[in-house]
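Residue-level structure breakdown
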Amino acid sequence: MTDAKPEGTDQIAAALSAAQASYKEAKKSKRGNYGQYADRADCWEAARAALKANGLAVFQGFVDEGPVVTDGLAWCVLETRVLHASGQELRSVLRKPYAVNMPIQQFKGMTTYMLRIGFNAATGITDGEDDDGQVAQDWEKARKKRPQPFKPEPPLADQWAEAEVEREKKAT
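Description of the structure in this document. (Residues numbered from 1 in each chain as written. Predicted model: local features only at pLDDT ≥ 70, side-chain atom pairs only at ≥ 80, totals over all residues. Heavy atoms only, no water.)

1. Brief notes about the overall build of the protein chain
- Check the secondary structure of the protein chain and you find five helices and six strands.
- In the protein chain, the succession of helices and strands from N to C terminus is β-α-β-β-α-β-β-β-α-α-α.
- Expressed as a percentage of the 172 residues in the protein chain, the buried residues total 26%.
- Partitioning the intrachain contacts of the protein chain with sequence separation of at least 6 by distance along the chain shows that 58% fall at a separation of at least 24.
- Surface accessibility of the protein chain: about 12,200 Å² in total, with carbon and sulfur atoms responsible for 54%. (Helix = DSSP H or I, 4+ residues; strand = E, 2+ residues; numbered from the N terminus. Buried < 20%, exposed > 50% of the residue type's maximum accessible area, 1.4 Å probe, protein only. Contact = heavy atoms within 4.5 Å. Areas by Shrake-Rupley, 256 points an atom, 1.4 Å probe, with all protein chains shown as cover.)

Laid out in C-alpha cells, this is it:
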C-alpha cells in the first residue's frame, strides 16, 4: 500500500486482518497455458463475504496521469483502494508500461491481470500456490526454444552477386 487516509489505520488494519483470517480459498475455475488458475471473479468470491462482514469495500480504477509517452510506450496506472466504514482507507497503485500501438484485445488482457494483481495485493487474498517464479522461468525457456524467424538463405544473395560480377566482366 502506498497511502492511507484519513490519519491513522488502526480500524482498517484490524478489519482487514479479521477479513484475511476468514477468507475462503480462491478456487481455480479457469484453465490457461500453465494449468488451472483463479480468475478475478474467483478471487472476489473468496473474499467478498469476509470483506463485507468487516465493513470493507474495494474500489479499483485506472488513473489518467496524462499523455506520458516515451519510445512508443505509455503507462497504464491502476489504483486500488480498500475502504473501511470508519472512513479510513488504504491505497495501492500499480503501474505497467505498454506499447501505444498494442491491439485492444491485448490491452484488455493486460488490464485484467492488473486488476487481479491489484485486488489480491490490496486485500491479501491468494489465488493459489506460489510457484516461486517457476512459470516465468519455464516461459523464458520455452521462448528461447521457439523457431527463429525466417531468414533468406545466403546462397541466393551470393548467386545474384556472382551474376552481377559476371555481367560487369562481360561489359568491360
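Having seen the model, we can carry on.
2. Considering the environment of Ala50
- Locating Ala50 in the fold gives a position in helix α2 (residues 40-53).
- Its relative accessible area of 6% is what places Ala50 among the buried residues.
- Taking the C-alpha atoms as reference points, Ala50 and Leu16, separated by 34 residues in sequence, lie 8.9 Å from one another.

3. Topic: the nonpolar core
- In terms of nonpolar packing, the biggest core is built from 20 residues, with Tyr23, Leu51, Leu56, Val82, Phe119 and Ile125 touching the most fellow members.
- At the level of elements, α1 (10-21), α2, β4 (56-63) and α3 (104-123) are the ones that each hand at least two residues to this core.
- Among the elements that make up this core, the one with the highest residue count is α2 (six residues).
- When neighbours within four sequence positions are excluded, Ile125 is seen to be in contact with Tyr23, Lys24, Cys43, Ala46, Ala47, Phe119 and Asn120.
- One finds Cys76, Tyr98, Met110 and Met114 within the second-largest nonpolar core, a separate group that totals seven residues. (Core = buried A, V, L, I, M, F, W, Y, C linked by side-chain atoms within 4.5 Å.)

4. A closer look at the environment of Ala46
- Looking at the element boundaries, Ala46 is found in helix α2.
- C-alpha separation for the pair Ala46 and Ile125, spaced 79 residues apart in sequence, amounts to 7.9 Å.
- Those residues in contact with Ala46, other than ones at most four positions away along the chain, are Tyr23, Lys24, Glu25, Ala26 and Ile125.

5. Some remarks on the pattern of salt bridges
- Evaluated as defined, the whole model comprises five salt bridges.
- Ionic pairing is found between Arg81 and Glu79, a salt bridge with its closest N-O pair at 2.8 Å.
- According to the relative accessible area criterion, Glu79 is buried, its value standing at 11%.
- Bridged by salt links that share partners, the residues Glu79, Arg81, Glu89 and Arg91 form one connected network. (Salt bridge = Lys/Arg side-chain N within 4 Å of Asp/Glu carboxyl O.)

6. Examining the packing of aromatic side chains
- Counted by the stated rule, this structure contains two aromatic pairs.
- Between Trp44 and Phe119, the aromatic rings sit 4.4 Å apart at their centres with planes inclined by 25°, giving stacked as the arrangement. Placement of the pair is Trp44 in helix α2 and Phe119 in helix α3, with a sequence separation of 75 residues. As far as the burial class goes, Trp44 and Phe119 line up, both buried. (Phe/Tyr/Trp six-rings, centres within 6.5 Å; stacked < 30°, edge-to-face > 60°.)

7. Side note on the environment of Phe119
- On the basis of relative accessible area, Phe119 is assigned to the buried category, the value being 0%.
- A sequence separation of 75 residues divides Phe119 from Trp44, and the C-alpha atoms of the two residues are 8.2 Å apart.

8. Overview of α2
- An ideal rise of 1.5 Å per residue puts 20 Å on 14 residues; α2 measures up with 20 Å between its terminal C-alpha atoms.
- Taking the largest bend as the criterion, α2 deviates by roughly 40°, centred on Ala47.
- Listing the buried residues of α2 in full gives Asp42, Cys43, Trp44, Ala46, Ala47, Ala50 and Leu51.
- Contacts made by the buried residues of α2 are with α1, β2 (30-32), β3 (35-37), β4 and α3.
- The backbone nitrogen of Ala41 lies 3.2 Å from a side-chain oxygen of the residue at the head of α2, namely Asp39.
- Count one or two residues on from α2 and you reach Gly55, which has phi positive near 70°. (Expected span 1.5 Å × (residues − 1). Bend = angle between axes of the 7 residues up to and from the residue. Polar contact = N/O pair within 3.5 Å; in protein donor to acceptor, adjacent residues only side chain to side chain.)

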